[in-house]
Each structure stands twice: as C-alpha cells, then as structure tokens.
Amino acid sequence: MSEQTTTSEPALAGASQQAERPSTFRRVMGGSVGRNLGLVIALVVLFIIGTVTAGDRFADVNNFLTIIRYASVIGVISIGMTFVITSGGIDLSVGSVMGLASVVASLAAVQAAATQSSWLLMVVVALAVGAAAGLINGIIIAYGNVVAFMATLAMLVGARGLAELISGRRTQIVNNRDFLEVIRADFLGVPVLIWIFAAVAVAGWFLLNRTTFGRRTVAIGGNAEASRLAGIKVKRHLVYIYLLAGVTSGIAAIMMLGRTTAGTSTHGTLYELDAIAAVVVGGTLLIGGRGTIVGTVLGVLIFSTLTNVFTQNNLDTSVQQVAKGLIIVIAVLLQQRFATRGAAARKR
Amino acid sequence: MINDDHAVLLEVRGITKAFAGVQALKGVDLTVRPGEVHCVLGQNGAGKSTLIKTLSGVHAPDDGEIVWQGQTVTIADPVAALDLGIATMYQELDVVDGLTIAENIFLGHERSTGGMLRVGEANRLTRELLSRLGHGNIPATTEVSQLSAANKQIVSMARALSRDTKLIIMDEPSAVLDSGEVANLFRVIRELTAQGIAVVYISHRLEEIRQIGDRISVIKDGRSTASGLSVADTSTADLIRLMTGRDVANVFPPATPVAPNAPVLLDVQDLHLRGAFSDVSFTVRAGEIVGLAGLVGSGRTEILETIYGARKATSGTVSIDGRTLAAGSVAAAVRAGMGFSPEERKSQGLLLDEPIFKNVTLSTFGRFARGGVLNERGERDAAKEQIAALELRPDDPDRPARTLSGGNQQKILLARWLVHGTKVLLLDEPTRGVDVGARAEIYALIRRLAAAGTAIVVVSSEIEEVLGLSDRVLVIGDGEVLTTTNASDIDESGVLDLVLKGSAA
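Residues numbered from 1 in each chain as written. Chains lettered and ligands numbered in written order. Predicted model: local features only at pLDDT ≥ 70, side-chain atom pairs only at ≥ 80, totals over all residues. Heavy atoms only, no water.

## A look at the overall build of chain B
For the record, the criterion: The helix count covers DSSP runs of H or I at least four residues long, the strand count covers runs of E at least two residues long, and both are numbered beginning at the N terminus. Only C-alpha atoms enter the radius of gyration, while the globule expectation follows 2.2 Å times N to the 0.38, with N the number of residues. Buried, partly exposed and exposed residues are distinguished by accessible area as a fraction of the type maximum, computed with a 1.4 Å probe on protein chains only: under 20%, between the cut-offs, and over 50%, respectively. Contacts were defined at the residue level, with two residues in contact if any of their heavy atoms lie within 4.5 Å. Using the Shrake-Rupley algorithm and a 1.4 Å probe, accessible areas are obtained, with residue cover drawn only from the displayed protein chains.
What chain B contains, in helices and strands, is 18 helices and 22 strands. For 505 residues, the compact-globule formula gives about 23 Å, and the C-alpha radius of gyration of chain B, at 25 Å, lands near that figure. On the principal axes, the C-alpha backbone points of chain B span a range of 70 × 55 × 45 Å. Burial status across chain B gives 53% buried among its 505 residues. Look at the contacts in chain B between residues 6 or more apart in sequence, and 68% of them connect residues 24 or more apart. In the form shown here, chain B has an accessible surface area of approximately 20600 Å², with 48% of it arising from carbon and sulfur atoms.

## A word on the confidence of the model for chain A
Our working rule: Each residue carries a pLDDT score, the predictor's own confidence in it, on a scale running from 0 to 100.
A residue-level look at chain A finds 86% of positions with pLDDT of 70 or above and a mean pLDDT of 87. In this model, residues 1-22 of chain A is a region of pLDDT below 50 whose contacts with residues beyond four sequence positions or in other chains number ten contacts.

## Regarding the pattern of salt bridges
Residues and elements named next belong to chain B. The following threshold applies: For salt bridges, the criterion is a side-chain nitrogen of Lys or Arg within 4 Å of an Asp or Glu carboxyl oxygen.
Across all of its chains, the model carries 29 salt bridges over all chains by this definition. In this structure, R241 and D238 form a salt bridge, with 2.5 Å as the shortest nitrogen-oxygen distance. Here R241 pairs with D238, and both are found in helix α8 (residues 236-244), just three residues apart, close to one helical turn. Owing to a relative accessible area of 36%, R241 belongs among the partly exposed residues under this scheme. Owing to a relative accessible area of 29%, D238 belongs among the partly exposed residues under this scheme. The residue R432 makes a salt bridge to E429 at a minimum N-O spacing of 3.8 Å. Given the relative accessible area of 29%, R432 is considered partly exposed.

## Re the interface of chain A and chain B
Operational definition: Buried area adds together the accessible area that both of two parts lose upon being put together, with accessible area traced by a 1.4 Å probe. Under this definition, polar contacts are N or O atom pairs within 3.5 Å; protein pairs additionally need one hydrogen-donor-capable and one acceptor-capable atom, and for neighbouring residues in sequence, both atoms have to be side-chain atoms. The nonpolar class holds Ala, Val, Leu, Ile, Met, Phe, Trp, Tyr, Cys and Pro. Asp, Glu, Lys and Arg form the charged class, and all remaining residues, Gly among them, are polar.
Facing 28 residues of chain A, the contacting portion of chain B comprises 35 residues. Here chain A and chain B share an interface that buries about 2500 Å² over both sides, 54% of which is from carbon and sulfur atoms. Across the chain A-chain B interface, the total number found is two salt bridges. Salt-bridge contacts for E379(B) lead to R215(A); the nearest nitrogen and oxygen are separated by 2.8 Å. Between the two partners, chain A and chain B, sit ten residue pairs in polar contact (both at pLDDT 80 or more). Elements supplying a minimum of two residues to the side of chain A that touches chain B: α10 (192-210), α11 (212-222) and α12 (224-229) of chain A. Top element by residues in the side of chain A that touches chain B is α11(A). It accounts for six residues. Residue classes in the side of chain A that touches chain B are distributed as nine nonpolar, eight polar and eleven charged.

## Considering the sheet that holds strand β16 (residues 315-320) of chain B
Residues and elements named next belong to chain B. Formally: Paired strands, in this sense, are two strands between which DSSP finds at least two bridges. Fitted lines through C-alpha atoms serve as axes, helices being fitted only where they are in contact, and the angles separating the N-to-C directions of these axes extend from 0 to 180 degrees.
The sheet built from four strands is open, its strands ordered β14-β13-β16-β17 with antiparallel pairing. The sheet is open, and its two borders are formed by β14 (277-285) and β17 (323-324), each paired with just one other strand. Sheet analysis places strand β13 (residues 264-273) next to β14, joined by six bridges and oriented antiparallel. Along β14, the bridge assignment pairs V264 with R285. Here helix α9 (residues 300-308) sits on the sheet in contact with β13, β14 and β16, set at roughly 115 degrees to β13.

## A short note on unusual backbone geometry
Between R393(B) and the following residue, P394(B), the backbone shows a cis peptide bond with an omega angle of 0 degrees. Examined against the element boundaries, P394(B) turns out to sit in the loop between α14 (376-389) and α15 (406-420). Positive phi is not limited to glycine here, since T261(A) has a value of about 55 degrees. Tracing the sequence through the fold places T261(A) in the loop between α13 (234-260) and β4 (262-263). Judged by its relative accessible area of 26%, T261(A) is partly exposed. One non-glycine residue, N314(A), adopts positive backbone phi at about 55 degrees. With respect to the secondary-structure elements, N314(A) resides in the loop between α15 (293-312) and α16 (317-341).

## What to know about the pairing of strand β20 (residues 455-459) of chain B
Residues and elements named next belong to chain B. With five of its five residues buried, β20 lies for the most part within the structure. Burial along β20 is two-sided: A455, V457 and V459 facing one way and I456 and V458 facing the other are all buried. Summarising the sheet, strand β15 (residues 289-293) and β20 pair through four bridges and their orientation is parallel. Looking across to β20, one finds that V290 is bridged to V457.

## Here's the deal with a positive patch on the surface
This is how the line gets drawn: Here the term patch refers to residues with relative accessible area over 30% and no salt bridge, with like charges joined within 9 Å and nonpolar side chains (Val, Leu, Ile, Met, Phe, Trp, Tyr) within 5 Å. A positive count includes Lys and Arg, and a negative count includes Asp and Glu. His and the chain ends are not counted in either. All charge positions are set by atom: Lys at NZ, Arg at CZ, Asp at CG, Glu at CD.
Among the surface-exposed residues, K233(A), R236(A), R323(B) and R335(B) lie close enough to one another that they form a single positively charged patch. Relative to the helices and strands, R323(B) is located in strand β17. On the basis of relative accessibility, which here comes to 53%, the residue R323(B) falls in the exposed class.

## Focus: helix α5 (residues 94-105) of chain A
Defined as follows: Expected span of a helix, by definition, is 1.5 Å for each gap between consecutive residues, and there is one gap fewer than residues.
With twelve residues, α5(A) should reach 16 Å at 1.5 Å per residue; the first-to-last C-alpha distance of 16 Å fits that figure. Most of α5(A) is tucked away, with twelve of its twelve residues classed as buried.

## Some thoughts on the nonpolar core
Rules: The criterion is simple. A nonpolar core is a set of buried Ala, Val, Leu, Ile, Met, Phe, Trp, Tyr and Cys residues joined through side-chain atoms within 4.5 Å.
By size, the foremost hydrophobic cluster in this structure holds 77 residues, and its most contacted members are M98(A) and F179(A). Beyond its immediate chain neighbours, meaning those up to four positions away, F179(A) contacts W119(A), M122(A), V123(A), V174(A), I254(A), L257(A) and G258(A). With 67 residues, the next largest nonpolar core counts V268(B), V334(B), L352(B) and I387(B) among its residues.

## Looking at the packing of α10(A) against α13(A)
Residue and element names in this part refer to chain A. Rules: Each angle is binned into one of four classes, with values under 35 degrees roughly parallel, values over 145 roughly antiparallel, values of 65 to 115 roughly perpendicular, and all other values oblique.
The interhelical angle for the contact between α10 and α13, taken along N-to-C directions, is 170 degrees, at an axis separation of 11 Å. Looking at the two axes, α10 sits roughly antiparallel to α13. For the pair α10 and α13, contact is made by L193, I196, F197, V200 and L207 and by L244, I251, M255 and R259, respectively. The class makeup of the residues in the contact of α10 with α13 is eight nonpolar, no polar and one charged.

## Regarding the environment of I293(A)
Residue and element names in this part refer to chain A. Tracing the sequence through the fold places I293 in helix α15. Residue I293 is classed as buried on the basis of its relative accessible area, which comes to 3%. Note: C-alpha distance between I293 and S249 (44 residues apart in sequence) is 17 Å. Beyond its immediate stretch of four places on either side in the chain, I293 contacts I79, T82, F83, A201, G204, W205 and L208.

## Considerations on the environment of S87(A)
Residue and element names in this part refer to chain A. Structurally, S87 can be placed in the loop between α4 (61-86) and α5. Owing to a relative accessible area of 6%, S87 belongs among the buried residues under this scheme. Taking the C-alpha atoms as reference points, S87 and R290, 203 residues apart in sequence, are found 8.3 Å from one another. In this view, S87 contacts T217, I220, G221, L238 and I241; residues no more than four positions away in its chain are not counted.

## Comments concerning the sheet that holds strand β21 (residues 472-477) of chain B
Residue and element names in this part refer to chain B. Ordered in space as β18-β19-β20-β15-β21-β22, the six strands form an open sheet in which the pairing is mixed. Of all the strands in the sheet, the pair left with one neighbour each is β18 (338-341) and β22 (480-486). This sheet shows a mean twist of 15 degrees between the axes of neighbouring strands, independent of strand direction. The sheet contact formed by β21 and β22 spans six bridges and is antiparallel. Bridge pairing in β22 places G477 opposite E480.

## Regarding the packing of aromatic side chains
All names here are of chain B. The condition is simple: In this analysis, rings of Phe, Tyr and Trp, with Trp reduced to its six-membered ring, are considered paired at centre separations within 6.5 Å, and the interplanar angle assigns stacked below 30 degrees, edge-to-face beyond 60, and tilted for intermediate values.
Applying the stated rule across the entire model yields eight aromatic pairs over all chains. Ring centres 6.2 Å apart and planes at 65 degrees place the aromatic pair F186 and Y201 in the edge-to-face group. Of the two residues, F186 is situated in helix α6 (residues 179-194) and Y201 in strand β10 (residues 198-203); the sequence distance between them amounts to 15 residues. With 5.0 Å between their ring centres and 40 degrees between their planes, Y308 and F340 make a pair best called tilted. Highlighted residues: Y308 in helix α9 and F340 in strand β18, separated in sequence by 32 residues. Under the relative-accessibility criterion, Y308 is labelled buried at 0%.

What follows is the structure, encoded as structure tokens:
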C-alpha cells in the first residue's frame, strides 16, 4: 500500500501527498470534475469571445438571463434524455411529443375548461400527454422488444402527425391569463422558466446520483444482462425511464406555451437532436452506463451561449450550424481521449 | 516428432517490453525446435500475450534478441512475421465471417491473374490443405460464418499452412472448445508437427499441456522462470510453483458430510424446457454441493438458467425452502433467496466500469436504501466486509471491476450473493478464466459457503472440477439426466462413458 510507483503520473505539487492514494489526482481529473472542467473552460472561452466581439450587448445580466431562459426548454428535455441515454437507449420523439402536448394543452376546449376551473388544468393535460407518449414508447421498447431508435422514430413521426391533425396546422393562441401570468413571471428577479429548469435539473441530479432509480438506470446502461441476472426488473425500469422522458417533454411544452404564448404542431422540431447533442457533449456515454446531469446542463448552456454570441454579432445561422457541428465533434473526440486514459481511474 | 535434438528454429533471448511505465516483459527466453509443441505457461497477466505479440510483429521489443533460423531478425509488423513463416492463431479468430473458407485462406495473397481471381485453383488448394489437416470433408466453398469455433480454428491453421509457415503460435485455442473438439484440435496439431511445423501452445490448463506438449517454458510476472523443460520429467506441483511462486495444494478441499436431516433448500421437479432438456428432477440440501456434469450442448447451462428463472420453463416446478417460484422470473428467484453466477462473467455478471462495491451490491442496493435514497456508505461497508472475508484483491472497494483478475471478479459475484444472504447458489463455470493459483482459493470458498449451510449447484466443462467439488453429481447428456450418483463413486472416464453412450443411443 505504501509504494505504488506504477501510478506516478505528474501530479500537481502537494496534491499527491495529501491523499493516501497517489492516484487521487488522476481519479479527479479522469472523473466528473475533470470532464466538467473541460466544459466549464469551453463556456468561459465562449463568454470571452462574446464579450470581446459584442461587448456590453453580450456581457450584461439581462443577456445572461436571456441565454439561460432560451436554454431552459431544451434543458428540461435534455435532463430526461440524460436518463434515456444513460440506460443505453435513445428517444427521438421528445421534440414532437412536446409539440403534441403543447397543441393538446392549448386546445380551445381545454383552455375554456381551464378558464372555468384553474390554469393548472393546462399543466395537467400537457403532462398527461407527455406521460402517455412516454409510456407507449417504453412499453413498445421493453415488452415489444423493438429497438429504442425505431420505436421512438415511429413516435416522432406519429406524434407530429397527430399534433397536425388535432390543430389543423393552425397556431393556437394561449389566452388563459392566469397561466401566462404564472409562467411568464419573474421570481426574485429570475424568470419562472429558469426556476423550472433549475428545479428539474436538481431533481434529475438527485434521482440519477442518489436514488435506487438512478442506480438501476446506470446498471442497465452498463450491462442490461448482468442487471437482469442480479434480479433487477429491467423491462419495468425501462418503461419508467421513457415515461420520465415523456414527462420532461410535457414540462417543456408548458414552458414553451408560456414563452411563445401559443401552441403549435411545429413546436420542438429537431429538439431531439439538440438534446442528444447537449447530453453527449456533456459527457454522458452514448452507449450507456455513465450519465452526468451537471454535464448535460453545461452542454445545454454551451449551445445556448453559442447561439447568443452569433445572434449578437448578427452572424448567419448557417455559420452557427457549422460551429455547432465542430463543437460536437471536438467534444466527442475529447471524451474518447478521456475515456481511454481515465479508464482505470474512472469514478463518477 | 523432434527431427534433430539440436536444431533450433526460434530463439528468444532476454526480451523486455514496457507500456506506459508498466513493465510487461522483464526478460523472457524461449527456444523452439522444429516439429515440437512448445507450451508456454503462465498466469493471467504474466506476459504471455505480450510475448506472442512481439513474436507476431504487433509490438516491437524494447530490448533482447530474436534469432530465427540462426539469424537475428527484427519483426517490424505482422506481415514481416508471416513472411518469416510465423503465423499466429489468436483467441478471437481473425477469420472473416462473410467469406468462404477458400477466400479466407488466400486473403491477402489471392490466387489471381491480372486481377482476375483463379477461384477454381484456390478451392482446389484449400481442399488439399483441409485434407492435410484431416478435414477434407468440409467443402472449400462453405461460408465461414456457418462454421463452429473449432472449424474456424481449422481454417486459421489451413491459412498458416498455405503460407509455408514454420511456426504457429496458438493463444489458448482450447478456451472456446468442448472436450471432443479439443481432442480433434490435438490430432490436427500432431498432423502439423509431423510435417515439421513447430507449435507454440499457450495455455493455463495443465492437463492439456500434459497431453499435447513436448517441452514447457514458464513465465511469471514478465520473467522466464523456466525454459525448455521436458513435459514428461516435470511434475505438476513444480509447474504450479514456477507459475505462482508458491506451493499450491492442487487438490479440492475435503467435503464435509451433509447431515441427513439437513433441510432440502432447492427442489426441482420434472423441469422441462422445450428444445433443451426434459424431466430434470433433483433436490439439494443445506450444505450440499450438487454438480451437473456433461459436455457443451448437453443442456447443463440451460438447466441452471431455467432454475434461476432466466429462461421460462415449459413445465415443471422449482421450489426454494418449500415455496414454489413463479416460472421465468429472476426477480422472484432472487427474492426467494437464490443467487446465480453466470458462465460469461464479464458480459453477464459485472458492470465492468463500476467500482467493486457497486458490483457487490448490485442485487441488494435497494435493501440498503431508505425510501429510494441510496446509502452508499452502507453499501461500501458491506462490500469491504466481504472483500476482507474473501481476500479479494485489490481491497479497494472503489476500483473498477474491469481492472481485476478473473479470480477476483469471480469473488465479486460470490460476495454479491453473500451480502444477499443467498440460500441456494447456482454456479456456472466458477473457474473459467481463473488461473491455477486462484482456483484452489475459489474451490475453498465454495466449500466454505456450503459448510455455512448454503445449497450449491455447480456446472463446469471440466469434469474433474465437478467431481472434485461436488457431493453428488448428475450426469447430463442430450438434455436428460443419465444418472445421479455420489461424486466419490464415479470418475472422469465413468462420466465420459455415460455421456458418450447416451449420445450414441
């Protein structure tokens, strides 16, 4: 125990003495702090670029709140997506399920009933639509043995079509005052949308890292067969995971209704790709078995900040797409480098 | 079949190789003569694979000398090795599934004229090569994906022959074969050596080396501990000492007699799985070890998995402590007190990137949790307790399972079911991939578990292991129980007789 010369990597001065195991430095750097550090650095670099190129238009508290507010809808979806990807699956339907939930919750009949009773009815309806779609995904994947990619691709197409049928492809204006007042309000100077994102992120972090639900999710993503043979009810848990993703789509629909004051079948188009990109850039393994909520939040913020920097500089969205693509590739390349080097010292 | 006692085909002197600070080879010597089977013996991690890779041109040695047919050579890459006449048969066979046997054999040196393949010639040559290996009955145009692992090895060897090979290195070729196929492999190896080709045979199965080897070299911790010993003149005890550096009593722990009034913990009645086995009935008492002996494909693994609920029985019942289990539910079996250690530890048993303690508590983390909130401290403490009890190495509960040896990974699974408090433990190939030194330890642990009152069922492809470990043995052939007997009343040849008679009937 006293002599472990095999792990003598160049360590920070003093860092090796303070711990009993000399591998602590590598553990930390190969672990969550090291991975998230890279994301934080990327974010800082973006902030510097933004400040240098756009000056006060960028470096302003209100602008920062705008960035986070725009990140919050995709952020909530990405939290659900983190669970799905950690379990070794994928959910392509999150964006269109959000669109469908926004349409159903803003139907004239629903809004009328909400005006009669409470604005909460719209919230409940959106959540119920998301949950139902997630439940269907989960059952088809777990008990129908359909690969997640195909099952949720079918839901992506089906939910979008259903949303168009229900809405007649018309935009439905939200006119429930109470609903708009609550969702569009500020609390302690911060928009409610951001509070919702923060609450979902904290709850997601707790669920993934501190509960049996999270442990099962990681275990199934790491090795589904071993989990099954250890007595974990893998199929049932998979249903719960897609149900959870559906519910986050429902929450995102509520936020979107508030932000745009309208429900439409085009809400959430291509959100699935943004969410997957944010989750994977954040450090969650696409093959499952390792997930990080903190990384996902940072991933979402990076993309949102990037968009903002481009918008502030009046740059073309096409250039922005190219930059996004580059970031994804670089992030994944770095992730693989870390994964191989830190394989021995990996610790979440 | 040694042509000339003094001729030397390959001589390796003092080879060293380091990877990123880890010294994999610290000085290995090896002398191979034409036409001999030279066994290289060593525990997992001893450096056998690295040695093979330096000879086949995958790694360049840092220091030392390779002398091939009297000349010092540098083997720069795998093609250079093939050009010299050194072919390597890896465990993961490098045959291409979608191609035919002939296409595989001439892959990289196709028979062609101006870019046009001479298919007929390739097929004819392939037939010749296959018959030289005693397998002329396999058509040269068979797609390799249709072949068993054993026949893929034949293809790999035929390919070596097609290149005027003088030395074939075989990396644990028997690991993927059952005993009948191993016998066939040995016949083919003798064909090769009769033609003057030398074989370097890597294995850690001592009994095989006794059967096939002419001479032995032993590696321990990257260093040669013996070079060119005669197989006939070296005792098994000496080999184990050379491999492990300590004296290992290579015997099974003595059985403690099962009390006649010990309660029946596992009761299997008329269990039947369509297409796999039928009419399997037996009971296991507390403290008893029952072994299932049979060849690969006899249905022994399927029986175990069906008892556990991983496969759903067509009919029949499994009871634990008098309570009948729901068919086809692993969760129900685990809840009732059953545990299972699967055949493929890495793909079926472990979360390789997760720390030891989470692997140990994979079946029980819910029990430590309160209201769904994990109690990792409690889990880690429980794991530490088992790590100490089972002498699991390394003893750090936070080390990823991937970094452990086969024997210690097996201990993780035993620890998992110890934490669970398992009454009935099913073990499928408990010492697969576990080296000789660690096996005795695993045997002792299994015996200790039984002595503590667990009912245990063991399946192994090594009949000796089943017989040595068990109190009672069920001999399985073609999905049926051929006989049930006390382990002390039957020996290996007795089991084989029954199995072969059973499959002939």
